[in-house]
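Inside the fold
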Amino acid sequence: MAMAVVYLLLLGFCTVGAAPRAGLGWGGGSERQNRSLDLLREFGKFVSDFGKEYGDESEAQKRFGIFAENREKARRVQELDQGSAEYGITKFSDLTESEFREWYLNPLLSQAPERPGRRPLASPADPPPPAFDWREHGAVSGVKDQGMCGSCWAFSVTGNIEGQWFLRRHSLLSLSEQELVDCDGLDLACGGGLPDNAYHAIEKLGGLETETDYSYKGYKQSCGFTPNKVAAYINSSLEISQDETEMAAWLAQNGPISIALNAFAMQFYRRGISHPFRLLCNRWMIDHAVLLVGYGKRGSTPFWAIKNSWGENWGEQGYYYVYRGAGVCGLNTMCSSAVVE
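Values in this document were obtained by computation on a predicted structure and should not be read as measured data.

Moving on, we come to the layout of surface pockets. Here the second largest pocket is characterised by a volume of approximately 350 Å³. As for the second largest pocket, its lining consists of 16 residues, and the residues nearest its centre are Val77, Glu97, Phe264, Phe268 and Leu280. Of all the secondary structure elements, the ones that give two or more residues to the lining of the second largest pocket are helix 3 (57-80) and helix 4 (97-104). The leading source of residues in the lining of the second largest pocket is helix 3, at four residues.

This model, assessed by the stated rule, comprises three disulfides. The partner cysteine of Cys149 in its disulfide is Cys190, sulfur to sulfur 2.0 Å. Disulfide Cys149 to Cys190: torsion about the S-S bond roughly -95°, handedness left-handed. One end of the pair, Cys149, is in the loop between strand 2 (132-133) and helix 5 (152-169); the other, Cys190, is in the loop between helix 6 (177-183) and helix 7 (195-205), with 41 residues separating them in the sequence. Among the residues examined, Cys149 registers a relative accessible area of 1% and is labelled buried. Lacking any disulfide linkage, Cys152 is separated from the closest cysteine sulfur, that of Cys149, by 9.0 Å. A residue is classified by how much of its surface remains accessible, and Cys152, at 0% relative accessible area, is buried.

In this section: the packing of aromatic side chains. In this description, an aromatic ring pair is defined by two values, namely the gap between the centres and the angle between the planes. In the structure shown here, the tally under the stated rule is 22 aromatic pairs. Ring plane angle 80° and centroid distance 5.1 Å describe the contact between Phe92 and Trp310, whose orientation is recorded as edge-to-face. Taken together, the residues span a long stretch of sequence, with Phe92 in the loop between strand 1 (86-87) and helix 4 and Trp310 in the loop between strand 8 (301-307) and strand 9 (319-323) at a distance of 218 residues. Every member of this aromatic cluster is reached through a ring pair, and the members are Tyr87, Phe92, Phe100, Tyr104, Tyr269, Trp310, Trp314 and Tyr320. The side chain of Arg324 reaches across the aromatic face of Trp304, ending 5.9 Å from its centre.

So, about the environment of Gly192. Position of Gly192 among the secondary structure elements: in the loop between helix 6 and helix 7. Excluding its chain neighbours within four sequence positions, the residues that come into contact with Gly192 are Asn106, Leu108, Gly150, Trp153 and Asp187.

Turning next to the pattern of salt bridges. On inspection of all chains with the given rule, the structure shows 18 salt bridges. Residues participating in the shared-partner salt-bridge network are Glu72, Arg75, Arg76 and Glu79.

Per-residue pLDDT for the chain has a mean of 91; in total, 89% of the residues score no lower than 70. Averaged over each element, pLDDT in the chain is lowest for helix 1 (residues 2-14) (51) and highest for strand 8 (99). The low-confidence segment residues 11-27 (pLDDT under 50) makes 26 contacts with residues lying over four places distant or belonging to another chain.

A word on helix 5. Counted at 1.5 Å a residue, the expected span for helix 5 with its 18 residues is 26 Å, and the 25 Å between its end C-alpha atoms agrees. Remark: His170 follows helix 5 within two positions and exhibits a positive phi of approximately 60°.

Before going further, it helps to examine empty space enclosed by the protein. Under the definition given, this model contains one cavity of 30 Å³ or more. Roughly 90 Å³ of internal volume is contained in the largest cavity. Lining the largest cavity we find 13 residues, and of these Phe155, Ser156, Lys307, Asn308 and Ser309 sit closest to its centre. Looking at the lining of the largest cavity, the elements that each hand over two or more residues are helix 5 and strand 7 (288-298). Taken together, the residues of the lining of the largest cavity break down into four nonpolar, five polar and four charged.

On to the side chain of Ser141. Residue placement: Ser141 occurs in the loop between strand 2 and helix 5. Taking the relative accessible area as the measure of exposure, Ser141 reaches 10% and is therefore buried. Beyond its immediate stretch of four places on either side in the chain, Ser141 contacts Glu162, Leu172, Lys307 and Tyr319.

Scoring rules and cut-offs
Residues numbered from 1 in each chain as written. Predicted model: local features only at pLDDT ≥ 70, side-chain atom pairs only at ≥ 80, totals over all residues. Heavy atoms only, no water. 1 Å grid on protein atoms, 1.4 Å probe; cavity = no way out; pocket = protein on both sides within 12 Å on 5 of 7 lines; lining within 4 Å. Points joined across faces, edges and corners; volume = space filled by probe spheres on them. Helix = DSSP H or I, 4+ residues; strand = E, 2+ residues; numbered from the N terminus. Disulfide = S-S within 2.5 Å. Buried < 20%, exposed > 50% of the residue type's maximum accessible area, 1.4 Å probe, protein only. Phe/Tyr/Trp six-rings, centres within 6.5 Å; stacked < 30°, edge-to-face > 60°. Lys NZ or Arg CZ within 6 Å of the ring centre and 35° of its normal. Contact = heavy atoms within 4.5 Å. Salt bridge = Lys/Arg side-chain N within 4 Å of Asp/Glu carboxyl O. pLDDT = per-residue confidence, 0-100. Expected span 1.5 Å × (residues − 1). Nonpolar A, V, L, I, M, F, W, Y, C, P; charged D, E, K, R; others polar.

Below, the structure is given as structure tokens:
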């Protein structure tokens with residue numbers, strides 16, 4: 001249906017004597033028309049590549065207008081980036097900024113209070129190795145997709161616990177995010193949540209079921225937790241240093257880290273090492289939880305390797321690479337891990 005609507009838009013534009021459609025930025029002049037036609041073809045490819053579905057021509061026109069605006073936004077982000085990242089068309093290119101934030105991000109993270117009572121961190125005494133990646137050591141499950149649900153906090157925490165369980169029990173499990181969406185009474189399901197709350201909820205519940213036993217739906221249901229299906233548990237949680245050298249040392253010794261960051265540049269990120277302009281990606285506007293799985297260098301540029309939860313058809317096969325050493329987008333402000341004994 002969506003591609004048929006796009007073809008109708010193309011036909012409407014190409015018909016001799018057809019009037020320009022309002023809101024699409026089409027005007028007189030063959031050069032401008034050719035640019036608009038190229039953009040519309042690009043939109044058609046976007047619809048096909050990402051399997052987009054629009055109900056009618058009006059909705060397709062609206063999404064095309066947003067797509068055109070986002071293409072320009074991505075260009076500006078590209079110009080200001082200080083790293084090697086490529087920004088451009090992604091599966092989120094037909095969403096407004098407010099839609100993207102509402103459906104995929106987590107506003108509660110920027111409101112996270114200081115919480116006393118966690119086990120303090122003993123920073124590793126040894127310096128970190130030059131590079132380390134837990135994907136190479138079997139501690140990271142495949143990239144998952146949270147869908148149109150602000151449940152990133154659940155994916156960040158389950159990813160961390162999967163790593164901790166692997167290190168202690170030598171078994172990599174894919175654990176249930178849906179259990180947290182449904183049963184964590186401290187958080188707001190698709191409305192957002194905090195990793196710290198999730199750790200406490202898991203302790204109270206008694207553990208997590210596997211993805212197979214409690215599969216992800218992407219919306220809140222009544223809690224269907226079954227205690228005798230618990231596959232992994234945690235004993236407590238701890239905060240991790242905001243110093244990036246200490247973060248790297250802790251990660252190399254102890255496993256992937258649950259972190260959160262400002263997702264300013266992520267709507268249009270495609271590949272490479274992202275290093276957004278600091279004023280546009282400040283540390284006080286944290287809105288997305290992810291999993292830090294490794295670090296290293298590409299050429300002379302240091303990076304963090306971050307597992308995201310938007311599926312493999314985003315970023316570098318589902319991963320985000322960010323400049324390491326400058327607290328980019330506040331990625332070092334909310335670092336934590338479960339403790340499995």
